[in-house]
Each structure stands twice: as structure tokens, then as C-alpha cells.
Amino acid sequence: MDFLSFALTSAIVLGTPLILAALGELVSERSGVINLSVEGMMLVGAATGFVVTFSTGNIALGFAAAALSGGALALVHAFLCVGLKANQIISGLTLALLGAGLASFIGRDFAGLPIPSYISPLSIPLLSDIPFLGPIFFERDIIVYAAFAAVIITAIVLKRTRIGQWLKASGEAPAAADAAGVPVFIVRYTAVVFGGLMAGIAGAYFSTVFVRLWSDNLTAGRGWIAIALVIFASWRPLLLVPGALLFGFLDSLNFQFQTMGITVSTDILGMSPFVITLVALTIVWWRQQRHGGAGVPRALGLPYERESRI
Amino acid sequence: MKLLPIYLQRRAAISSRRAALLPIFAIATGFIVGAVVLWFSGVSPLDAYLEMFNASFGSAQGLTATFIRAAPLILTGLAVAIALRMQLWNIGAEGQLLLGSAGATFVFFTWPNLPGPILLVAAAVAALIAGALWALIAAIPRATIDLNEIITTLFLNYIALRLVSFLVYGPWQDPGAIGFAYSKPIPPQGAMGTIWGTDLTSGVVLSIVCVAITWWGIERTRWGFSVKILGGNPRAGAYLRLNAKRRIISIMAISGAIAGMAGFIQLTAVTGRLQPDIAAGYGYTGILVAFLAGRSLLMIPVVGIFFSALIQGGYSLQAQGLSSSISTVLQGLIVLFILLGGVAATYRFRWSWTSSNSSSGMVNLNSGAR
């Protein structure tokens, strides 16, 4: 396989968990709740997904368990921040650390054990016959297709449906939305838990499909990258894709240069995705600020208290 | 349509007795939930907790280890807490610690023949500067274009880790141990002394001195007062013509320097070599230390020692074939219950299925289901 097609393929594979996690975070943030525990939820999902898949041999069950465990952690965040109006940043950071600890605890007897590949590529008839691009985009596994489909569906739901309107209203002006009959609390609870489910699935994709191993801190900061991608995308679902693919591509260079025999320090390569994302984030943010507003949901991070409504 | 028979009512104020009981409630509840986790994984919680206690406070050796480990935790906790005074979230103490130890290592390797005291002071200054500069990378965009410092400080942690790894496997490699994840050793006169013939290093004393100086800076100087005004009410600060941008930069630099100091202590008192795992998650645990210590900087040493004991105890479980991650879980749970308890303390709980009382000030946990 030549360099370009290999690079694009790995960008998609490594970008998929980022798309899933970032999409979940985007929905949560559009409802007004920032959830900084994406890394923790991904790790819990990765550990749970791996343990269940390893024990049962059923990867679907593994993904379901991963989604539930990520969702459960998110439910704690929602209860604290939506139900009790606690500080979203403290809760998120604490859950991020708690999640990492829980994941290590869940996966402690499974570290380093390999599992077979349970998901095989699903080639889409006709489309996969397109020269060059066909094999790259249309001979992937079902989760990849699902992730891209989820992005498009979320974009449509946000733009065209009543649920999307409720979500945006809860994140922009919760008091007005509440007065207009939008169930702000239910919307926020649902959005946060959705974010947890997605992060859990993203983690399981990483542990059961991509590396097919469990080790402590397996996701190595990708949950935080997902949070950055949401800012990068100005809170718009479709714009998540280029960012995720770019990061996936940078991430994959490490593997590629090794196979190509190019000797670049793995450490320099390993830090490059973070350096580039940091620089890109700064530039994008700066430009958005200059052009008035970055698309930040106006009530992001603020608890909605009905009793203090004016 | 109701899911839970709970009503909440906002309290006007929290009594001081309630506020004092909160940490006790949180720690007890954290341990109870932790016990459930342990029990579910087939371990006797009582045995595990006794083992953790014995390993951290139960013997002279354990106590020494607990105090040595407390030093970096106190400093990273202090670094996070002081930034919080300005409503800044320094999640980058881990990276600043790494850079601090790298800065100190640089001094040790550049002037290896300096006499001990001068070398130690020079290395400590280098650690302070390196930590501060690393924090400034996030502080400057925060001050100038309002770029969220949580994400940037966190990214800098991952970059710092790779940077130290690069140095350790590259320029500062130990020629006698190629391929190992540590640098050549620092010169022998660069090792930090111990206190009065015990095995306890001066690190914990140094960290408590740092807490005292920082407390004085925040509570007793004009600068500290301006920081508290800007942190508490930015509009009042603007009205008083306080320069928020400059305060953001200075407070983050100090925060980074304090974390860098933790790196100096780790290097000179614990590892003796630069290594990528020198930070060992202390930067992240420091966040929890700062949360648990709450508004009081002087509580940080107490919480630091407590968390250090938890970590120390966790490692003793690992020796018995259990996972040391239970200590991380316990830390997270305790802070979570502090948060839960802190919010819950501002409410009065009423249990009732009937929703007859819908007067002002009442809120239902299931609000929205109307």
C-alpha cells in the first residue's frame, strides 16, 4: 500500500473514536453542559468493553457494556451539575480522574492480554470499486460508517428537528426555553448521558478494534483532544470531521514512519499531534474571536436554576 | 409525573457546623463506596483498609514514605489552588513539574562541579523558572485572546512528557544504561539532605515553607488582595482599574513555578535522575488536593499528607496482588462527595410524594417532568 492511501486509511481508523467522543461532547455542550470527563469515560468504556469482549467473545456485548459504563459516569455528572447545580468543571475533572482509576481497576487482570479481531471490514458494493478512494473509505468496519452517519444525523437533527431546537435553546437561553415549555432539565440530562454513551463506545473502539489490548491510560489523552475538537469545530457537527481526520493522520504517522524505516524520534512524533492541535486551536480561536463569537453556546457551563429565574 | 419523592429548598446560609462536618462526611462516604467496589471485586474491604493504614501511618518506614510523597502533592495542590484564586484552572501542574525537574537536571549536567549548596540553589531556581515558563505558554493566550486554559495546560502535560522522554532517551541518556527510561544520575552533591538523621528528606519542609510564603503573598499583600478581588468579582476589579491580564500572567507563572519546585524536590530527594515517570500523576492528584482543601491554602499540607497516605496505602495493596488504582478511585470518590455534600448542604431536603407545595424557593430534582 502506498503512503497516501495508508495515511488516509489510518487517519479514518484513528479519527473514528475521536469523532464519536467529540460528537457526544458537542451534543452535551450544545445543551449547556460542559463535560470534562471525556477521557475518563473513554477509559472506562475501553476497559469495560475489553473485559466484556474478552470474557464473552461477543464484541457487540462489549460495545453495549462500554456504552452503558460511559453513560453511567456521565449520569453522575448530569446528576451533580444539572440536578444539583454543582460546578461543571470540578465535577468533570474529578470524574476524569475517577474514571481513569476505575478503568485501571476494572481492567487490572486483563492488562496486556491480546484478543482476536472480532470486527471485519465491511466493503460496500459499487462504492468500494471506486479506484483509489473506494478501498480507503468503503472497506472499513461498521463502527466507522456508524460514526460518520452519526455526524450527519446529528447535524440534521440540530438543524431541522424540534429536538435540535430544544437542545440549542437549552444551551443558549435555558430560562427562555423553560418558559416556552422546553423540558430543559430532561434535555440536559439526556444530552450529557448521550455524550457518555458515545465516549464509552469510542473507548471500546480503541481497545477492542484498534489496539486490541487493554493497558492503563490506553487512550493517552484522546478524550482531551475530543474536547478541543469541539472548540475547533465551532460547535458544529460536520466540522468535527476534518479535525478528527487531521489528528488521526498525525497520530498514525508514528506507526507509519516506523514501518517505512524513517528514523524520527518517537517522542517528537508523539508530541506532534498535541503541538499541532494546540497551535491550530490558538489560531482558530483567535480568528473566531476577531470575527465576532466562536459559536460558544451562551449558557455553556452555567447551571440552570429555575428558582432563580427572573 | 414524578420519579423521586424529593423536594429541595435553598438554604439562606450554611451553618459553620455543617461546613466543618462536610469533609468528614465526604471521606466516610468515599470509603464506604470504595468498600463496595472492593467487596464486589472479591476483596475484604476491612483487610484492605487496615493494610493501607498500616503501610502509610502504621510504621516509621511507612510514615517516612508518606511524608516524602506528600511534598510534591502539597506543591501541586498549592499550584492548582493559587490559580483557582483567580478562577484559573491550572490542569498543567503535571507538565510544569516535569519541566521543573528537567530545568534542574539541565543545571546539574551543565555545572556538575559546583559546590553542593550553590548547585542546589541554582537547580531550584532553574526549576522555578522552567515551571513558570511552561505555564506561561498557556497563560499568555488566556490573557490575550481568552483561550481556555484547561485544554491548553492539559495538552502541555502530554507535550512535556514526550519532551522529558526525548531528553532521557537522547541527549541526557545514561551511557551505562542505554534504552532505559532514565537519564544519567545527577551529581552526588545535588542530592537533597535528610532531616536530623531520619530518612525523611527536606522536601516536605520545603513544600510547607512554600505554602506559608504563598499564603502570605495572597492574604497579606496588595497584590494578593487584587488577585482575590479579580477572582471573586472581575467587574469590581475592572472598576478598580486592576489589570486582569497582568494578574493572569503573574498568577499562572507563580503557579507553574510552584509545580516546578515539586519537580526539583522529586529529582533531588526521590529519583536522583530525570525520568518520564518522575511526575507520577502528582499534577493530577494535586487538582483533587486543591478541591478538597477548599478555600483555605493552609489546609493543603493536611490534605496532601492524607492523599499521600492513600497513594502509599494503594501501593501496599499492589504488593498483595491487588490493584493500586483503588487509591485513585478513593481520592476521586472523596472529592466527588465533597462536591455533592457541598451542594447538598445549601439545600434543605423534603421528602414527599405530593407536589402541593409549589411556592417559591422549591425545586424538584425531576424538574422538567411537569
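Residues numbered from 1 in each chain as written. Chains lettered and ligands numbered in written order. Predicted model: local features only at pLDDT ≥ 70, side-chain atom pairs only at ≥ 80, totals over all residues.

Section: the overall build of chain B
Moving on, step 1. Scanning chain B from terminus to terminus reveals 13 helices and three strands.
Moving on, step 2. Taking 370 residues into account, the globule formula puts the C-alpha radius of gyration at 21 Å, and chain B, at 23 Å, falls close to it.
Moving on, step 3. Counting the 370 residues in chain B, one finds 50% classified as buried. (Helix = DSSP H or I, 4+ residues; strand = E, 2+ residues; numbered from the N terminus. Rg over C-alpha atoms; globule rule 2.2 N^0.38 Å. Buried ≥ 20, exposed ≤ 12 C-beta atoms within 10 Å, placed from the backbone.)

Some points on the overall build of chain A
Moving on, step 1. The number of helices and strands found in chain A is twelve helices and zero strands.
Moving on, step 2. Going from the N terminus to the C terminus, chain A shows its helices and strands as α-α-α-α-α-α-α-α-α-α-α-α.
Moving on, step 3. Over its C-alpha trace chain A gives a radius of gyration of 19 Å, about what one expects of a compact globule, namely 19 Å for 310 residues.
Moving on, step 4. Judged by the C-alpha coordinates and their principal axes, chain A covers about 65 × 45 × 40 Å.
Moving on, step 5. Considering only residue pairs separated by 6 or more positions, chain A has 79% of its internal contacts joining residues 24 or more positions apart. (Contact = placed C-beta atoms within 7 Å.)

So, the domain arrangement of chain B
By convention, interface size is frequently given as the accessible area that disappears when the constituent parts associate.
All names here are of chain B.
Moving on, step 1. Its domain assignment divides chain B into domain 1 (1-43 + 322-370) and domain 2 (52-320).
Moving on, step 2. Relative placement of domain 1 and domain 2: their C-alpha centres are 32 Å apart.
Moving on, step 3. Taken together, the contact pairs ten residues of domain 1 with 13 residues of domain 2.
Moving on, step 4. When the residues that make up the side of domain 1 that touches domain 2 are grouped by side-chain class, the tally is six nonpolar, four polar and no charged. (Domains from an automatic or database assignment. Nonpolar A, V, L, I, M, F, W, Y, C, P; charged D, E, K, R; others polar.)

A look at the interface of chain B and chain A
Moving on, step 1. Taken together, the contacts link 44 residues of chain B with 42 residues of chain A.
Moving on, step 2. Those elements that place two or more of their residues in the side of chain B that touches chain A are α5 (116-145), α6 (149-169), α11 (282-293) and α13 (325-344) of chain B.
Moving on, step 3. In terms of residue class, the side of chain B that touches chain A is made up of 30 nonpolar, eleven polar and three charged.

Quick notes on the nonpolar core
Moving on, step 1. Counting residues in hydrophobic clusters, the biggest one holds 218 residues, and the most contacted among them are A22 and L229 of chain A together with L78 and M261 of chain B.
Moving on, step 2. The greatest single-element share of this core, amounting to 17 residues, is contributed by helix α9 (residues 184-210) of chain A.
Moving on, step 3. If near-sequence neighbours (up to four positions away) are discounted, L229 of chain A is found in contact with L18, A22, L240, G243 and A244 of chain A. (Core = buried A, V, L, I, M, F, W, Y, C linked by C-beta atoms within 7 Å.)

What about α11 of chain B?
Residues and elements named next belong to chain B.
Moving on, step 1. In this model α11 runs 16 Å from its N-terminal to its C-terminal C-alpha over twelve residues, within 8% of the 16 Å that 1.5 Å per residue would give.
Moving on, step 2. In terms of burial, α11 is a largely internal element, twelve of the twelve residues being buried.
Moving on, step 3. Along α11, the residues classified as buried are Y282, G283, Y284, T285, G286, I287, L288, V289, A290, F291, L292 and A293.
Moving on, step 4. Downstream of α11 by one or two residues, G294 has phi in the positive range, about 70°. (Expected span 1.5 Å × (residues − 1).)

Quick word on the confidence of the model for chain B
Residues and elements named next belong to chain B.
Moving on, step 1. Chain-level pLDDT for chain B is 87 on average; 91% of the residues reach the 70-or-more range.
Moving on, step 2. When the elements of chain B are averaged for pLDDT, strand β3 (residues 362-364) gives the smallest value, 47, and helix α4 (residues 93-110) the largest, 97.
Moving on, step 3. Of the regions scoring below 50 in pLDDT, residues 356-370 engages in 28 contacts with residues more than four places distant in sequence or in other chains.
Moving on, step 4. Both scores are given for the predicted complex: the pTM is 0.90, the ipTM 0.89. (pLDDT = per-residue confidence, 0-100.)

Focus on the packing of helix α1 (residues 3-30) of chain A against α9 of chain A
Residue and element names in this part refer to chain A.
Moving on, step 1. Packing of α1 against α9 brings their axes to within 7 Å, and their N-to-C directions diverge by 170°. Here α1 is positioned roughly antiparallel relative to α9, judged by the angle of their axes. Contacts between α1 and α9 involve V13, T16, P17, L20, A21, L23, G24, E25, V27 and S28 on the former and, on the latter, A191, V192, F194, G195, L197, M198, A199, I201, A202, Y205, F206 and F210.
Moving on, step 2. The class makeup of the residues in the contact of α1 with α9 is 17 nonpolar, four polar and one charged. (Axes fitted to C-alpha atoms, helices over the stretch in contact; angles between N-to-C directions. Parallel < 35°, antiparallel > 145°, perpendicular 65-115°, else oblique.)

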